[in-house]
Amino acid sequence: MWYALRYGLVLLLAATAVAKLLMTEQLIRGNGVLASIPMLSLAVGGEFFASLCLALARPFHAFLVACGTFVPLTAFAFWAWSGEHDCNCFGTLTPSGVPLVIDLSCLVAIAVAYPSARREDARFLRSNKYSIRIIATVSIAAIMASGVTWRIAHNSIVSSTVPTWFGENLLGQPFPMLPDEAARSLLNASDHIAILFVRPDCGHCQVIVDRLSESKSRIRLDDPLICVSIAKGAWTFDVELSSRGYDDLQRNVVVDWIDADEPFVETPTLILESAGVVTTVISGDAVIDAIFGPQS
């Protein structure tokens, strides 16, 4: 029993890691737990490492690896399910509650297989067969191939397919020129400008948008503020949510990104620029204080 379950768990862990690799761009763009390169790298690397240990270790050691893997996975899946978080365990198409059912089922099966793991371990220690070397060769080859795939996906996100606009790669640099003449004219309308990036599905962003909608007079920024609402494939420069300096605009300006690579921007993010050069990048909860002043 333990032999079949063990390699079933190897395939399950490898499959979940591959699913994340194939949906890397969507996961990074989303708002789930794995919506960052460090967290996604940790999840994918951990699943591949656990599957390798399960495949290579002697039977009882593999049993311990299985327990050490699926106990925290089950706890994490329960936390995600109870808090209505998107855990992205099987990529972006993970139905709510399914990871918890799968992980809990695996944990129960592992517990039931304890006697079998003990028997197989005793036989393994008496055996002179070394078929494990074949398993090791195949597993290591799979890990190496997966590592190359991850590196390619990572590079495509950071370098080309999804350019990232974070503080580290924007500070002191000319502000990226958007591929739209009207948008460029808005960004060049003043020597000093503040650009706020928000997403419709971001909770922190909605708090800021609601406050801007109530009264733009609360804005404490010295520079004119223009709000950019980000949706996949289309960014809208929102007239209603922009401050003084843009009151004469008659319509929203939309950038469709049809002919250019759409960058990834963490939201909410506030970018201050002076004479076309980025001077400040603020993200997360600090954006509210930067726009409206310190909260009491």
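Each chain has its residues counted from 1, following the order in which its sequence is written. Two thresholds apply to this predicted model, a pLDDT of at least 70 for residue-level local features and 80 or more for giving and counting side-chain atom pairs, whereas whole-chain, interface and lining totals are computed over all residues. With hydrogens and water excluded, all non-hydrogen atoms of the structure serve as input to the side-chain values.

Enquirer: I'd like a description of the overall build of the protein, backed by residues and values.
Expert: The secondary structure listing takes helices from DSSP runs of H or I that are at least 4 residues long and strands from runs of E that are at least 2 residues long, numbered from the N terminus. When helices and strands are tallied, the protein shows 11 helices and six strands. Exposure is judged per residue with a 1.4 Å probe applied to protein chains only, and the accessible area is read against the type maximum: over 50% gives exposed, under 20% gives buried, and values in between give partly exposed. Burial analysis of the protein (296 residues in total) assigns 42% to the buried set. Here the contacts in the protein between residues at least 6 apart in sequence split such that 69% fall between residues at least 24 apart. Total accessible area on the protein is roughly 15,300 Å²; 61% of this is exposed by carbon and sulfur atoms. Only heavy atoms matter for contacts: two residues are in contact if any of them lie within 4.5 Å across the pair. All accessible-area figures derive from a Shrake-Rupley calculation using a 1.4 Å probe, and residue coverage is judged against the displayed protein chains alone.

Enquirer: Any details on the packing of helix α1 (residues 2–22) against helix α4 (residues 59–82)? Residues and values, ideally.
Expert: To define axes, lines are fitted to C-alpha atoms, for helices over the stretch in contact only, and angles between the resulting N-to-C directions are given on a 0 to 180 degree scale. It is the contact of α1 with α4, at a shortest axis distance of 11 Å, that shows an interaxial angle of 45 degrees. The pairing of α1 with α4 is recorded here as oblique in orientation. Between α1 and α4 the crossing geometry is left-handed. Contacts between α1 and α4 pair Trp2, Arg6, Leu9, Leu12 and Leu13 from the former with Pro59, Ala62, Phe63, Ala66, Thr69, Phe70 and Leu73 from the latter. Note on angle classes: values under 35 degrees are labelled roughly parallel, values over 145 roughly antiparallel, values of 65 to 115 roughly perpendicular, and the remainder oblique. Note: crossing handedness is left-handed where the near helix turns anticlockwise from the far helix by less than a right angle, and right-handed where it turns clockwise.

Enquirer: Now, about the environment of Ile219: what can you tell me, with residues and values included?
Expert: Along the chain, Ile219 falls in the loop between α10 (203–214) and β2 (225–231). Through-space distance from the C-alpha of Ile219 to that of Phe292 is 5.0 Å; in sequence the pair is 73 residues apart.

Enquirer: How would you sum up α4? Please name residues and give values.
Expert: How far a helix is expected to stretch is found by multiplying one less than its residue total by 1.5 Å. Taking 1.5 Å of rise per residue, the 24 residues of α4 would be expected to cover 34 Å, and the 34 Å separating its terminal C-alpha atoms lies within 8% of that figure. What α4 keeps buried is the set Pro59, Phe60, Ala62, Phe63, Ala66, Thr69, Phe70, Thr74, Ala77 and Ala80.

Enquirer: Report on the sheet that holds strand β6 (residues 277–283), specifying residues and quantitative values.
Expert: Any two strands are treated as partners once DSSP identifies two or more bridges connecting them. Within the open sheet, the six strands sit side by side as β4-β3-β2-β1-β5-β6. Their pairing is mixed. The open sheet has two edge strands with one neighbour each: β4 (253–255) and β6. This sheet shows a mean twist of 20 degrees between the axes of neighbouring strands, independent of strand direction. Here six bridges tie strand β5 (residues 269–274) to β6, and the two strands are oriented antiparallel to one another. Of the residues in β6, the one forming a bridge with Ser274 is Val277.

Enquirer: Tell me about the packing of aromatic side chains, residues and numbers included.
Expert: Pairs were defined over the aromatic rings of Phe, Tyr and Trp, the Trp ring being its six-membered one, requiring ring centres within 6.5 Å. Orientation was assigned from the angle between planes: stacked under 30 degrees, edge-to-face over 60, tilted for the rest. Within this structure, the stated rule accounts for seven aromatic pairs. Aromatic rings pair up to connect Trp2, Phe60, Phe63 and Tyr114 into one cluster. Counted as over-ring charges are cases with an Arg CZ or a Lys NZ within 6 Å of the ring centre that also lie within 35 degrees of the ring normal. Here Arg118 stacks its cationic end above the ring of Phe60, 3.8 Å away from the centre of that ring. The aromatic ring of Phe292 is capped on one face by Arg211, whose charged end is 4.3 Å from the ring centroid.

Enquirer: Got a sec to walk through the side chain of Thr267? Specific residues and values, please.
Expert: Relative to the helices and strands, Thr267 resides in the loop between β4 and β5. According to the relative accessible area criterion, Thr267 is buried, its value standing at 14%. Each polar contact in these results corresponds to two N or O atoms within 3.5 Å; when the atoms are within protein, one needs to be able to donate a hydrogen and the other to accept it, and residues that are neighboring in sequence are counted only if both atoms are side-chain atoms. Among the polar contacts listed, one links the side chain of Thr267 to the side chain of Arg199, at a separation of 3.4 Å. Dropping the residues within four chain positions of it, Thr267 is found in contact with Phe197, Val198, Arg199, Cys202, Cys205 and Ile230.

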